[in-house]
Amino acid sequence: MPDSLRKAMSVPSSDHRAPDFAELMARILKDAKKVFKTETGQVVTIPATGTGGWEASITNTLSPGDKVLAARLGLFSQRWIDLCGRHNLDVEVIECECGEGAPAERFHERLSADSDHAIKAVLVTHNETATGVRSDVAAVRRAMDEADHPAMLYVDCVSSLGSMDFRMDEWGVDLAVTGSQKGFMLATGMAIIGVSPKAFVASETATCPRCYFDFRDMAGANKKGGYPYTPPIQLMHGLGESLKMLLDEGLENVYARHHRMAEGVREAVRAWGLELCAKGPELYSDTVSTIYVPKGFDSDTLTHHAFDAYRVSFGIGLGELAGKAFRIGHLGSLTDAMALSGIAIMEMAMKDLGYPIELGAGVAAAQEHYRKTLDTAIEAAA
Ligand code: PLP
């Protein structure tokens, strides 16, 4: 979280019915569309988190009993599937191996067989934060189009939007769900959702119960420059500033910066002789790396030790990766120095616990990468 955003959120509460809030709201909704890369859709902000965003996207556009097709890629896609089940949707799961992305060809197969179009929604997690895997959303859209299937496409972009390439209109995404605390680099507390015109039409007839999350109330109030209830004023100020930062830097530069940072971490992983969970380079996430510990070691012991000994908190292995992998997050306002210190601390923690690594190996590999790519970083910042 950059200091400028921390400061932007550090404002006194103000009257959300005063004209200056309407100005802020209008600017946020206009600029947020640019980050989602949508001209036809609208952006809805709801005081919640990414999970609330999932719930809002589902309850606004679907009815109990509706069939939903979803890929299970890791803990977060599993939680979205669970949420759909709890809303009495009929979820059909495409099981994927740990480290794989959403399989477009299996979506194609299943959608082609669905001749009466019972499937109303296709759910894809763009960046599975548990496994550090990016899915090819464009390929899933192509699969849907080739199957000539009218289902809506729902994408969880919680840990990718504002950090990795995302194209709502081009990929035909109907609902794109994120939260304030990842690519927008803000405090937690806001779900931010891109909603296509088709999804808004669906919200007119969908019957899943919703009230607080109702897009129609939000869109109606936003149109008049307001909010249907008290907005999270400080977060709104932060979001206004975050959008300005991202757009001033240029989204392509933002993505390139994340890629460069991630590659440095991946170089370190290679130098350690460890393996990423993601099964191939096209699947590598630029916001989080999930790294298997060698056989015979426990990743929870490692992350606890790193925290206890060095006060650095690394992501634990989630779901089926518990005890088997740890995660290094590399999104937001991260510098070479921050990434290198994280890599150095992880090396120390591994060495302390008898991992077969050489102190300095990962740091040196990442240093080489950051040195070699420094020109591109300077050019982008200029
Ligand atoms: N989806 C993904 C990919 C996530 O990484 C997360 C949280 O990290 C969520 C959904 C849930 O978001 P939240 O914890 O903000 O409710």
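Structural notes, computed from the coordinates. On a predicted model such as this, the values are computed, not experimentally measured, just so you know.

### Describing the environment of Arg 110
Looking at the element boundaries, Arg 110 is found in helix H5 (residues 104-113). A residue is classified by how much of its surface remains accessible, and Arg 110, at 23% relative accessible area, is partly exposed. Sequence-wise, Arg 110 and Leu 334 are 224 residues apart; in three dimensions their C-alpha atoms are separated by 41 Å. The residues contacting Arg 110, other than those within four sequence positions of it, are Lys 67, Leu 69, Glu 92 and Ile 119.

### Thoughts on the site of the ligand
Taken together, the neighbourhood of the ligand is formed by Thr 49, Gly 50, Thr 51, Trp 54, Phe 76, Asn 127, Thr 129, Asp 156, Val 158, Ser 159, Gln 181 and Lys 182. In the environment of the ligand, an oxygen atom lies 2.5 Å from a nitrogen or oxygen atom belonging to the side chain of Thr 51. Side-chain polar atom of Lys 182 to an oxygen atom of the ligand: 2.7 Å apart, as the coordinates give it. For the shell around the ligand, the leading source of residues is helix H3 (residues 50-61), giving three residues. Grouping the amino acids of the shell around the ligand by side-chain chemistry returns three nonpolar, seven polar and two charged.

### Quick notes on the pairing of strand E11 (residues 288-292)
By the criterion of burial, E11 is predominantly enclosed, with four of the five residues buried. Sheet analysis places strand E10 (residues 275-276) next to E11, joined by two bridges and oriented antiparallel. Residue Leu 276 lies in a different strand from E11, and its bridge partner there is Ile 291. Where E11 lies against strand E12 (residues 325-329), five bridges are found, and the strand directions are antiparallel. Bridge pairing in E12 links Tyr 292 to Ala 325.

Conventions used here
Residues numbered from 1 in each chain as written. Predicted model: local features only at pLDDT ≥ 70, side-chain atom pairs only at ≥ 80, totals over all residues. Heavy atoms only, no water. Helix = DSSP H or I, 4+ residues; strand = E, 2+ residues; numbered from the N terminus. Buried < 20%, exposed > 50% of the residue type's maximum accessible area, 1.4 Å probe, protein only. Contact = heavy atoms within 4.5 Å. Near = heavy atom within 4 Å. Polar contact = N/O pair within 3.5 Å; in protein donor to acceptor, adjacent residues only side chain to side chain. Nonpolar A, V, L, I, M, F, W, Y, C, P; charged D, E, K, R; others polar. Pairing = 2+ DSSP bridges.

These results come straight from atomic positions and should not be treated as a statement about function.
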